[in-house]
Amino acid sequence: MSGLRVTEVRTTILDVPIRRPHRFAGHAITSQAYLLVQLHTDAGVVGVGEGVSPGGPWWSGESIEGQKTIIDRYLAPTLVGMGELRLPLLGQRLERVAHGNEFAKAAVEMAAFDAVGRALGVPVHTLLGGAARAEIPVRWALSGHGHGDVVAEARQRLDTGHRALKLKLGALPPEEDLRRVELLIDKIGTGVDYLADPNGAWDFRTAVWALAELEAMGVRVVEQPIDRDDVAGMAALVERATTARIMADESVCRPVEALRAAHARSCDAVSVKAGKAGGLRPAMAVAAIATAAGMDCYGGTALETSVGTAAAAHLFASLPRLPLGCELVGPLLLADDIVTEPLRYADGALRLPPGPGLGVEVDPEKVARYARTAPR
Ligand code: MG
C-alpha cells in the first residue's frame, strides 16, 4: 500500500543522439528514441519511467509512437482512475485495458516504482527485495559490421576495465561475420569473455555450423542464434553445444515464455529485460523461473538512458545470481543523457545509484532539447 494516487500521466517522445552508429542484424541507428513517462501523484511526488524501442519496432513490434498512444489514450485514464497505487496489482490492471504492449507497460510500471520509492524514501531495489550487489560488471557491446574500428574500440573499453565483449552479428553473410569475429579475437586475445548475438538472423543449419566455429574461437555465449519462435531449434542447439551457452533474448520476454523455455530446455541462459517482460515485477518472475530451471540470468539492455538503465540496475542488483553480468551500456553509448547526474561507471562496472526511487533526476532542459516537436 503506497498511499499514493496518480493524478496525471505525462508522456514525451525524446530523440537522443548516440556517439557512434550502432548496427543490429538488420538496422543501424544514429539516435535512439525514448518515451519519457512522468507520473504525478496527489502527494506531489513525480515518478519517472522510460519506454524504448531499440532501433524501431523490428525488435518487439512496439514503436515509440505507439507506446505514447497506448499510454495517453488507454493506460493513463486507468492509472488516474484506479485509486491508491498498489504495485503488485498494477500489471493486472493494465492488462485488463490493453494486452501486450510490454515496453509501454514497463515504462508506466517503472514510473510507479520510482514514485513509490520516493514517497517511502527507499531505493527501487529495496522495493524489489533488496540489493545483492552494489555494482554490476558491464559487458561492452560492439557495433555490427560497418561502423568504425571495432578492434580499437574493444581495446579502449578493455583498458577502462570492461572484461567482457558483446559482438553484434547478422548484418553480413555468416561466413564474413564469423571472419570478423575471428580477426577481432585474433587481435584482442582469448582471455576476454566473448558473446555473439546475431538477433535471430541465422537459420538452424547455419546456426549449427556457426556455433561450432564460434566455440572453436573461444566464444562463450551465443545469444538468440535463430528465430525467436523456433523453440525446438533452440533446444536442439542447446543439445549440440559443447562449451558455449545458448542464450535466449527475443524468444524469452515474459514469464510464460520463460516457463516454456524451461519445459523445452531451449536455452542455457536468459537475457532479462524489464521492457520486454512488461515491467520490473514480471522481469523478476522471468529471472526466478530461469533460475529454478537451472539457467543463468544475464542483465540485458535496450540501450536505455540513465532513467531506464537505473531501473535495470536496481533489478539486476536484486537478482540472487547474475553470473554473466550485464550489458547496461546505454548511457555510455549516448552522446548526451536526460538526467542531471548520469549514472556512475568505474572499472567496467555500473554503480547502483544511491537515493530514493530510481536514484536519478530528470533534467528539464535536456528534455526540452531532445523532445520531438515535429512528426517524423
Ligand atoms: Mg539480443
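All figures in this text were calculated on a predicted structure; none of them were measured in a lab.

Colleague: Kindly report on the pattern of salt bridges, identifying the contributing residues and their values.
Modeller: On inspection of all chains with the given rule, the structure shows 24 salt bridges. Lys-166 is the salt-bridge partner of Asp-197, the closest N and O atoms lying 3.3 Å from each other. Here Lys-166 lies in strand β6 (residues 164–168) and Asp-197 lies in strand β7 (residues 193–197), a separation of 31 residues in the sequence. Here Asp-197 and Lys-166 have matching classes, each one buried. Its salt-bridge partner being Glu-257, residue Arg-254 comes within 3.0 Å of it at the nearest N-O pair. The exposure class assigned to Arg-254 is partly exposed, which follows from its relative accessible area of 24%.

Colleague: Can you explain the coordination of the magnesium ion? Please cite residues and give values.
Modeller: The coordination sphere of the magnesium ion contains the protein donors Asp-197 (OD), Glu-223 (OE) and Asp-249 (OD), at a distance range of 2.1 to 2.4 Å. Mapped onto the polypeptide sequence, the residues donating to the magnesium ion form the spacing pattern D-x25-E-x25-D. Taken together, the residues span a long stretch of sequence, with Asp-197 in strand β7 and Glu-223 in strand β8 (residues 221–223) at a distance of 26 residues.

Colleague: Tell me about empty space enclosed by the protein, residues and numbers included.
Modeller: Evaluation of the coordinates by the stated rule reveals 3 cavities of 30 Å³ or more. Counted as a void, the largest cavity has a volume near 170 Å³. Along its surface, the largest cavity is lined by 19 residues, and Phe-24, Lys-166, Lys-168, Thr-301 and Glu-327 are the ones closest to its centre. A per-class count over the lining of the largest cavity returns 9 nonpolar, 3 polar and 7 charged. What the second largest cavity holds in volume is close to 100 Å³. Around the second largest cavity, the lining comprises 15 residues; the ones closest to its centre are Met-110, Ala-274, Gly-275, Glu-304 and Gly-308. Secondary-structure elements contributing two or more residues to the lining of the second largest cavity are β3 (46–52), α3 (102–120), α10 (274–277) and α12 (306–318). Among the elements that take part in the lining of the second largest cavity, α12 stands out by supplying 4 residues, more than any other. When the residues that make up the lining of the second largest cavity are grouped by side-chain class, the tally is 8 nonpolar, 4 polar and 3 charged.

Colleague: Run through the layout of surface pockets, naming residues and quoting values.
Modeller: The volume enclosed by the largest pocket comes to roughly 320 Å³. In terms of lining residues, the largest pocket is bounded by 22 residues, among which Arg-228, Glu-250, Ser-251, Cys-253 and Glu-257 are the most central. Put simply, the parts of the chain that give the lining of the largest pocket at least two residues each are α3, α8 (231–240) and α9 (255–264). Tallying contributions element by element places α9 first for the lining of the largest pocket, with 3 residues.

Conventions adopted
- Starting afresh in each chain, residues are numbered from 1 along the sequence in its written order.
- Given that the model is predicted, a residue must reach a pLDDT of at least 70 before its local features are reported, and side-chain atom pairs must reach 80 or more before they are shown or counted; all residues, however, enter totals for whole chains, interfaces and linings.
- The side-chain figures draw on all heavy atoms in the structure; neither hydrogens nor water molecules are used.
- A pair is scored as a salt bridge if a Lys or Arg side-chain nitrogen falls within 4 Å of a carboxyl oxygen belonging to Asp or Glu.
- Strands here mean DSSP runs of E at least two residues long; helices mean DSSP runs of H or I at least four residues long; both are numbered from the N terminus.
- Exposure categories follow from relative accessible area, calculated using a 1.4 Å probe and restricted to protein chains: below 20% of the type maximum is buried, above 50% is exposed, and the middle band is partly exposed.
- Because no water is among the atoms considered, metal sites can look incomplete, with donors defined as N, O and S atoms within 2.8 Å of the metal, or 3.2 Å for Na, K and Ca.
- A cavity here means a set of points on a 1 Å grid, drawn over the protein atoms and nothing else, where a 1.4 Å probe fits but cannot get out; a pocket is an open set with protein on both sides within 12 Å along at least five of seven lines, and a residue lines either one if it has an atom within 4 Å of a point.
- Grid points are joined across faces, edges and corners, and a volume is the space filled by probe spheres set on the points.
- Charged residues are taken to be Asp, Glu, Lys and Arg, nonpolar residues to be Ala, Val, Leu, Ile, Met, Phe, Trp, Tyr, Cys and Pro, and polar residues to be all remaining types, Gly included.

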